[in-house]
Amino acid sequence: MLQAVARVHRGLFHSRAGLSVRMSSTGINPKSVLANRVAVVTGSTEGIGFAIARRLAQDGAHVVVSSRKQQNVDRAVATLQGEGLSVTGTVCHVGKAEDRERLVTKVLEHHGGLDFLVCNAAVNILVGGTLKASEEMWDKILTVNVKSPALLLSQMLPHMENRGMGAVILVSSLAAYIPQVKLGVYNISKTAMLGLTRTLSLELAPKGIRVNCLVPGIIETRFSQVVRTQVAAESEIPDMCSVLLHRLGQPEDCAGIVSFLCSPDASYITGESFVVAGFSPRL
Ligand code: NAP
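Okay, so let's go over this structure. (Residues numbered from 1 in each chain as written. Predicted model: local features only at pLDDT ≥ 70, side-chain atom pairs only at ≥ 80, totals over all residues. Heavy atoms only, no water.)

1. Here's the deal with empty space enclosed by the protein
Empty space among the atoms becomes apparent when a probe as large as a water molecule is rolled across them. For the structure on display, the rule yields one cavity of 30 Å³ or more. Taken as a whole, the largest cavity holds about 40 Å³ of empty space. In this structure, the largest cavity is lined by T42, V94, C119, A121, V144, S148, P149 and L152. Looking at the lining of the largest cavity, the element that brings in the most residues is helix α5 (residues 135-156), giving four residues. (1 Å grid on protein atoms, 1.4 Å probe; cavity = no way out; pocket = protein on both sides within 12 Å on 5 of 7 lines; lining within 4 Å. Points joined across faces, edges and corners; volume = space filled by probe spheres on them. Helix = DSSP H or I, 4+ residues; strand = E, 2+ residues; numbered from the N terminus.)

2. Observations concerning the site of the ligand
The environment of the ligand is formed by 30 residues, the closest being T45, S67, N120, Y186 and T221. K69 places a side-chain nitrogen or oxygen 3.1 Å from an oxygen atom of the ligand. H93 is positioned such that a nitrogen or oxygen atom in its side chain is 3.5 Å from a nitrogen atom of the ligand. Considered on its own, the ligand offers 890 Å² of accessible surface; in the complex 96% of this is hidden by protein. A molecule is said to occupy a pocket when more than half its atoms come within 2 Å of that pocket's grid points, and by this definition the ligand occupies the largest pocket. Of all elements in the fold, only α2 (47-58) and α6 (184-204) reach the threshold of two or more residues within the shell around the ligand. The residue makeup of the shell around the ligand, split by class, is 12 nonpolar, 13 polar and five charged. (Near = heavy atom within 4 Å. Polar contact = N/O pair within 3.5 Å; in protein donor to acceptor, adjacent residues only side chain to side chain. Areas by Shrake-Rupley, 256 points an atom, 1.4 Å probe, with all protein chains shown as cover. Sits in = over half its atoms within 2 Å of the grid points. Nonpolar A, V, L, I, M, F, W, Y, C, P; charged D, E, K, R; others polar.)

Next comes the structure, spelled out in structure tokens:
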């Protein structure tokens, strides 16, 4: 049922992108809100990160996409360049220091600095309770999901300062607000992203850099397959996500809010979290 509804809405998104009033025949309108800005999106060769990269580029930014696998980077870059968008890419496993360094080098080579960093890459390698996690599992999940965004930002920061409108978007999860029984350590890593958002927003405000957080609900991607199959049986979340708006979330549902948070319209918003879940888990 959910899958059938989702297929219908995927079709809607694709046709809507083709009709975007913001785009010219070359892909972007030079007067677009993010024109000439530079954005880096991690984990952006498919799913939510890819939709964010596409939207930021449609709204005028030069976008650097990245993920762990060269073939995925090549495919994403070719697809977006084929749409007339200003996109380059490089391999970056966010948990590897040398890969993060390569990403910084690539950004500087191509653009000389950056304005927006979207930390989207994350892993979950355990479907089970928190106390079932080995030390290696803890290290891997916390390294990739929590430490890496902070370390990448610290490497990018010198090149973001003094560019006028810096913005960082961290990606959490609905699991931070409503923990899922079988996603123990992942729940915790995504709760940490809310804390990281609040703390970094304080630390970077004096530099004019805003830090906000995207909190997706269940969005139809490869990553959420596990939640929709193995975890869903013991959770009311999929029903909550689909009942109000009668469909599953799509990656594109998460993209517009990120573009907005990068834009001057969000210039007085920092330290905030934005739930995109088809319902609200908060008061
Ligand atoms: P996805 O469709 O599986 O895409 C993940 C992307 O990240 C791919 O481009 C993948 O490419 C890349 N990637 C994976 N591990 C990486 C690493 N260590 N370093 C760099 N890139 C990496 O995932 P998604 O559903 O869009 O999820 C994106 C974000 O949204 C994650 O932070 C996730 O926690 C969050 N989220 C998703 C949902 C949901 O329902 N989908 C809900 C809440 C939160 P390679 O394989 O080439 O590396």
